[in-house]
Amino acid sequence: MSTRKFFTDEFPSPEQIKTDVQNSAFKVYHNAIQTDVYDKVRSFWLDYFLKDQPQREVARGGLLLGEENFNSYTDTDFWSLYRHFDFLWNEPTHQLTTDIAIELHKIRNAALNLPTEYGLNYNPECYGFYVSTSYYPPNGGMMTPHADGYPKNKKEFMLLHFMFPITFKGQDYEGGGMVVYDKNDQKVDVDKIMKPGSIIFYDGASKHGCERIIPYEDKKIGRLAMFAVPVYFLKEKPLEEKKGRFSKMFSK
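If you're wondering where the values come from, they're calculated on a predicted model, not measured in any experiment. The residue numbers shown here count from 1 along each chain, following its written sequence. For a predicted model such as this one, the threshold for reporting local features is a pLDDT of at least 70, and the threshold for listing and counting side-chain atom pairs is 80 or more; totals across whole chains, interfaces and linings nevertheless cover every residue. Side-chain measures were taken over the full set of non-hydrogen atoms in the model, leaving aside hydrogen atoms and water.

Colleague: Just checking my understanding: could you explain the pattern of salt bridges for this structure?
Modeller: Any two side chains of opposite charge can pair, so long as their charged atoms come close to each other. Here a salt bridge means any side-chain nitrogen of Lys or Arg lying within 4 Å of a carboxyl oxygen belonging to Asp or Glu. The full count for this structure, using the stated rule, is nine salt bridges. As a salt-bridge pair, glutamate 211 and lysine 187 come within 2.7 Å of each other at their nearest N and O atoms. Taken together, the residues span a long stretch of sequence, with glutamate 211 in strand 10 (residues 208-215) and lysine 187 in strand 8 (residues 187-189) at a distance of 24 residues. Judged by its relative accessible area of 34%, glutamate 211 falls in the partly exposed class. With a 1.4 Å probe rolled over the protein chains alone, any residue whose accessible area is under 20% of its type maximum counts as buried; one over 50% counts as exposed, and the rest are partly exposed. Residue classification places lysine 187 among the partly exposed residues on the basis of a relative accessible area of 47%. One network of salt bridges, with partners in common, ties together Glu103, Lys106 and Glu117. Secondary structure follows DSSP: runs of H or I at least 4 residues long count as helices, runs of E at least 2 residues long count as strands, and numbering of each begins at the N terminus.

Colleague: How should I be thinking about unusual backbone geometry in this particular structure?
Modeller: Negative phi values dominate among residues other than glycine, just as trans dominates among peptide bonds. Phi is positive for asparagine 113, which is not a glycine, with a value near 60°. Of note, asparagine 113 is situated in the loop between helix 3 (95-111) and strand 4 (127-136). Phi at cysteine 126 is positive, roughly 55°, even though this residue is not glycine.

Colleague: Can you walk me through the side chain of histidine 105 in this structure?
Modeller: Tracing the chain through its elements places histidine 105 in helix 3. Two residues qualify as a contact provided that any one of their heavy atoms is within 4.5 Å of a heavy atom in the partner residue. Discounting chain neighbours no more than four positions away, the residues touching histidine 105 are Tyr118, Gly119, Leu120, Tyr127, Phe129 and Phe162.

Colleague: Sorry, what's going on with the layout of surface pockets here?
Modeller: To find leftover empty space, a probe the size of one water molecule is rolled over the atoms. The computed volume of the largest pocket comes to approximately 660 Å³. Lining the largest pocket are 37 residues, and of these Tyr130, Asp148, Gly149, Val229 and Pro230 sit closest to its centre. Going through the elements one at a time, strand 3 (79-87), strand 4, strand 5 (142-146), strand 6 (160-165), strand 10 and strand 11 (223-232) are the ones with two or more residues in the lining of the largest pocket. For the lining of the largest pocket, the element with the most residues is strand 11, which contributes seven residues. Of the two site types, the cavity is a set of points on a 1 Å grid over the protein atoms alone where a 1.4 Å probe fits but cannot get out, and the pocket is an open set with protein on both sides within 12 Å along at least five of seven lines, each lined by residues with an atom within 4 Å of a point. Grid points are joined across faces, edges and corners, and a volume is the space filled by probe spheres set on the points.

Colleague: Please explain the packing of helix 1 (residues 14-24) against helix 3 as it appears in this structure.
Modeller: Helix packing for two helices is described by the angle between their axes and how far apart those axes are. Only the stretch in contact is used when fitting a helix axis, every axis being a line fitted to C-alpha atoms; angles between N-to-C directions are given from 0 to 180 degrees. Between helix 1 and helix 3, the least distance of the axes is 8 Å, while the angle of their chain directions is 70°. Between helix 1 and helix 3, the crossing angle belongs to the class labelled roughly perpendicular. Relative to helix 3, the crossing made by helix 1 is right-handed. Each of Pro14, Ile17 and Lys18 in helix 1 lies in contact with helix 3, whose residues at this interface are Ile107, Ala110 and Ala111. Gly is put with the polar residues, along with every residue not named as nonpolar or charged; the nonpolar set is Ala, Val, Leu, Ile, Met, Phe, Trp, Tyr, Cys and Pro, and the charged set is Asp, Glu, Lys and Arg. Broken down by class, the residue content of the contact of helix 1 with helix 3 amounts to five nonpolar, no polar and one charged. Should an angle fall under 35 degrees it is called roughly parallel, over 145 degrees roughly antiparallel, and 65 to 115 degrees roughly perpendicular, with every other angle called oblique. Two helices cross in a left-handed way if the nearer one is turned anticlockwise from the farther one by less than a right angle. They cross in a right-handed way if the turn is clockwise.

Colleague: Explanation requested: the packing of helix 2 (residues 38-51) against helix 3 in the structure shown.
Modeller: Taken N-terminus to C-terminus, the directions of helix 2 and helix 3 make an angle of 120°; their axes are 9 Å apart at the nearest point. What the angle tells us is that helix 2 and helix 3 run oblique. At the point where helix 2 passes helix 3, the crossing takes the left-handed sense. Touching Lys40, Val41 and Trp45 of helix 2 are Leu96, Thr97 and Ile100, all from helix 3. Taken together, the residues of the contact of helix 2 with helix 3 sort by class into four nonpolar, one polar and one charged.

Below you can see the structure in the form of structure tokens.
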């Protein structure tokens, strides 16, 4: 599948992405994504999160090879959001979303000087990614600023993330949204910068989060975005999860 179906000629080269993120911790690129993909992705996921009930808490690590796709929800002091998990060994929940994630992951690999298909096929390290489509609901959706990290003894390359925005600040919701801290630890309101056609690449080891979403009075739309989360999958469920760590059911 040609990447030109999703990306414009202004999409940055992998080398440029690597240089920009190393220098500044993040970089927003405008006019990089074909705008005709947004309506299809947006309409599917807004409808999905309106109708589908979450089955689990949002997971941070501890994901198994062979997991079924699942929807999740968490509302704590640290974060409040819905997150759908798609794993490549399953049928995609939304084919277009997964196709975009795969092509962006290939670009990430190139920026990190990794084989193009690394993480797309089984490998001895059990390294891969899941497609995370996250919805921060209006009047409450948020994530406390934090820095990501690899599991112990697994830091093999830069933790390069991307974020593909599906709804937009100033268009769908009025306030809040994604923030990233630069090399000088200065907070940058990234969602204020983003617009249809934009994408951000950033170092996951730099602090980032989502400030509480404030909707417009006449719209009840939150923040919707997709990214492919790199992860080392487990071959066997940890003991604490076997005891029912994610047994609680949630409803809207």
